[in-house]
Amino acid sequence: MTGGEYPTLSGEGAARLSASAARIVVVGAGGWLGLATLEALHGLLGAAFSERVACFGSSGRTLALRGGLTVPQQPLGRIGDLPSAPTLVLHLAFLTQEKAKAMSDADYIAANGMISSRVLAALDAMGAQAVFVPSSGAAYLVEDRDAAASMRLYGRLKLKDEVRFRRWADSRGRRATIARVFNLSGPYINKRSSYALACFIADALADRPIVIKARRPVLRSYAAVRELMSVVFGLLTGVAEAPAPFDTAGDRDYEMAEIAAVVQEVVGHRRGIERPPLEAGKP
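Model, not experiment: these values are computed from the prediction.

Criteria and cut-off values
Residues numbered from 1 in each chain as written. Predicted model: local features only at pLDDT ≥ 70, side-chain atom pairs only at ≥ 80, totals over all residues. Heavy atoms only, no water. Phe/Tyr/Trp six-rings, centres within 6.5 Å; stacked < 30°, edge-to-face > 60°. Helix = DSSP H or I, 4+ residues; strand = E, 2+ residues; numbered from the N terminus. Buried < 20%, exposed > 50% of the residue type's maximum accessible area, 1.4 Å probe, protein only. Axes fitted to C-alpha atoms, helices over the stretch in contact; angles between N-to-C directions. Parallel < 35°, antiparallel > 145°, perpendicular 65-115°, else oblique. Left-handed = near helix turned anticlockwise from the far one by under 90°. Contact = heavy atoms within 4.5 Å. Core = buried A, V, L, I, M, F, W, Y, C linked by side-chain atoms within 4.5 Å. Pairing = 2+ DSSP bridges. Right-handed = clockwise from strand over helix to strand, strands pointing away. Expected span 1.5 Å × (residues − 1). Arc of directions from axis to C-beta. Polar contact = N/O pair within 3.5 Å; in protein donor to acceptor, adjacent residues only side chain to side chain.

> An account of the packing of aromatic side chains is needed here, citing residue identities and associated values.
Counted under the stated rule, the structure contains three aromatic pairs. On the numbers, 5.6 Å between centres and 55° between planes, the contact of W32 with Y195 is tilted. With a gap of 163 residues between them, W32 in helix α2 (residues 32-45) and Y195 in the loop between β8 (183-185) and α7 (196-205) connect regions that are remote in the sequence. W32 gets classed as buried once you look at its relative accessible area, which sits at 9%. Ring geometry for F94 versus Y154: centroids 5.7 Å apart, planes at 70°, classification edge-to-face. Separated by 60 residues along the polypeptide, F94 in the loop between β5 (87-91) and α4 (97-102) and Y154 in helix α6 (residues 149-172) bring together distant segments of the chain. Accessibility expressed as a relative area gives 14% for F94, which makes it buried.

So this is what it looks like as structure tokens:
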């Protein structure tokens, strides 16, 4: 794969983005969503990519994409150095629920608060016209006492980010697009031992049986990263009023066994699927 062969964005947003000169600032560029978005942007913008896309993250480093493309990332502390220009901001930086399990509540809250505050403080000076904030389905679990404490805290901070960035947009006549992300598919998936899809793919590639641990039917509805970001850029560059936070979903839901079967078909896997007997109960 070469840079010109990367999968790209589609739809009206992609057309408007390609025809414009707007700068795209990606905060948290080294994560799953960030890397997949950079790849799609390179597929769309081609040679203009390096001039129009600026990346920031926890540290300065070089991001490596498939096909040998490398992208420089600056430390977040330098985001305030950007000159003013019409800009679309993707605020993808956030410490995930796994970090919440490993840190004290106070440290976790402070770390995420610092990230969001730095981004917010830089928006006006850089000339931000619109911002995308990926929230989470955990936003619905804040008051759910059956959910893990780390998940409730993660959801609470995601809701706080939703409010902060929508207030910025509303007070300035700008646009904030917020998606409550559930299940994603696509390249650069991280936390490969935590996501069912990644685990199934890893089993298949290692030529071992695909293992499903769920004892009850479990349903997932996947949205591809490229499709999600095509929708996002359509909303960021559109003229209609930005919608309320929306949920991500695919065309239909799939039970775990169906997902494993699709992985088998795509990978050419023949080692079978292992699963304990299903128990009675709601999916």
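> Could you give me a rundown of the packing of α7 against helix α9 (residues 256-267), with the residues and numbers involved?
The contact between α7 and α9 brings their axes to 10 Å, and the two run at 40°. Overall, the two elements α7 and α9 adopt an arrangement that is oblique. Here the hand of the crossing between α7 and α9 comes out right-handed. Note on element contacts: α9 touches α7 through M256, I259, A260, V263 and V267, opposite A196, L197, F200, I201, A204 and L205.

> Tell me about the nonpolar core, and name the residues and values.
Within soluble globular proteins, side chains that are nonpolar tend to cluster in buried spots. Core analysis: the biggest nonpolar cluster contains 41 residues, and I24, L38, V53, L90, F132, M229 and F233 have the highest contact counts within it. Elements supplying a minimum of two residues to this core: α1 (11-19), β1 (23-27), α2, β2 (53-57), β5, β6 (128-136), β7 (175-181) and α8 (225-237). Here this core takes eight residues from α2, the largest share from any one element. Discounting chain neighbours no more than four positions away, the residues touching F233 are L9, G13, L17, I24, T37, L41, L88 and L90. Core analysis: the next-biggest nonpolar cluster, separate from the first, contains 23 residues, A54, V119, V133 and W168 among them.

> Hey, could you go over the sheet that holds strand β4 (residues 70-75) for me, with residue numbers and the actual values?
Overall, mixed pairing links the eight strands, which are arranged β3-β4-β2-β1-β5-β6-β7-β12 in an open sheet. Of all strands in the sheet, those with a lone pairing partner are β3 (61-64) and β12 (246-247), marking the two edges. In the sheet, β6 pairs with β7 via seven bridges, with the strands oriented parallel. Within the sheet, the bridge partner assigned to A130 lies in β7 and is R175.

> Tell me about the pairing of β6, and name the residues and values.
Along any regular strand, the residues point their side chains to alternate faces of the sheet. Burial analysis of β6 places eight of its nine residues in the buried class, which makes it a mostly covered element. Bridge analysis of β5 against β6 gives four bridges, and the strand direction is parallel. Paired with T87 across the two strands is A128, which belongs to β6. Note on the crossover from β6 through α6 to β7: the handedness is right-handed.

> Can you lay out the pairing of β7 for me, pointing to particular residues and giving the numbers?
For β7, a buried count of seven out of seven residues is recorded, marking the element as mostly surrounded by other parts of the structure. Residues R175, T177, A179 and V181 of β7 are buried on one face, and the alternating residues A176, I178 and R180, pointing to the opposite face, are buried as well.

> If you had to explain the side chain of R175 to someone new, which residues and values would you point to?
Note that R175 resides in strand β7. The residues touching R175, leaving out its near neighbours within four places in the chain, are Q129, A130, V131, W168, A169, L235, L236, G238, V239, A240, E241 and A242.

> Quick rundown of α9? Include the residues and the values.
Relative to the 16 Å expected for 12 residues at 1.5 Å per residue, α9 spans 17 Å between its end C-alpha atoms, a close match to the ideal helical length. Within the span of α9, buried status applies to M256, I259, A260, V263 and Q264. The buried side chains of α9 occupy one side of the element, clustering within an arc of 140° when seen end-on. With respect to the buried face of α9, the exposed residues turned more than 90 degrees away are E265 and V266. Those residues of α9 that are buried lie in contact with α7, β9 (210-211), β10 (219-220), β11 (222-224), β13 (254-255) and β14 (273-274). Where α9 begins, the capping side chain belongs to E255, and its oxygen is found 2.8 Å from the backbone nitrogen of A257.

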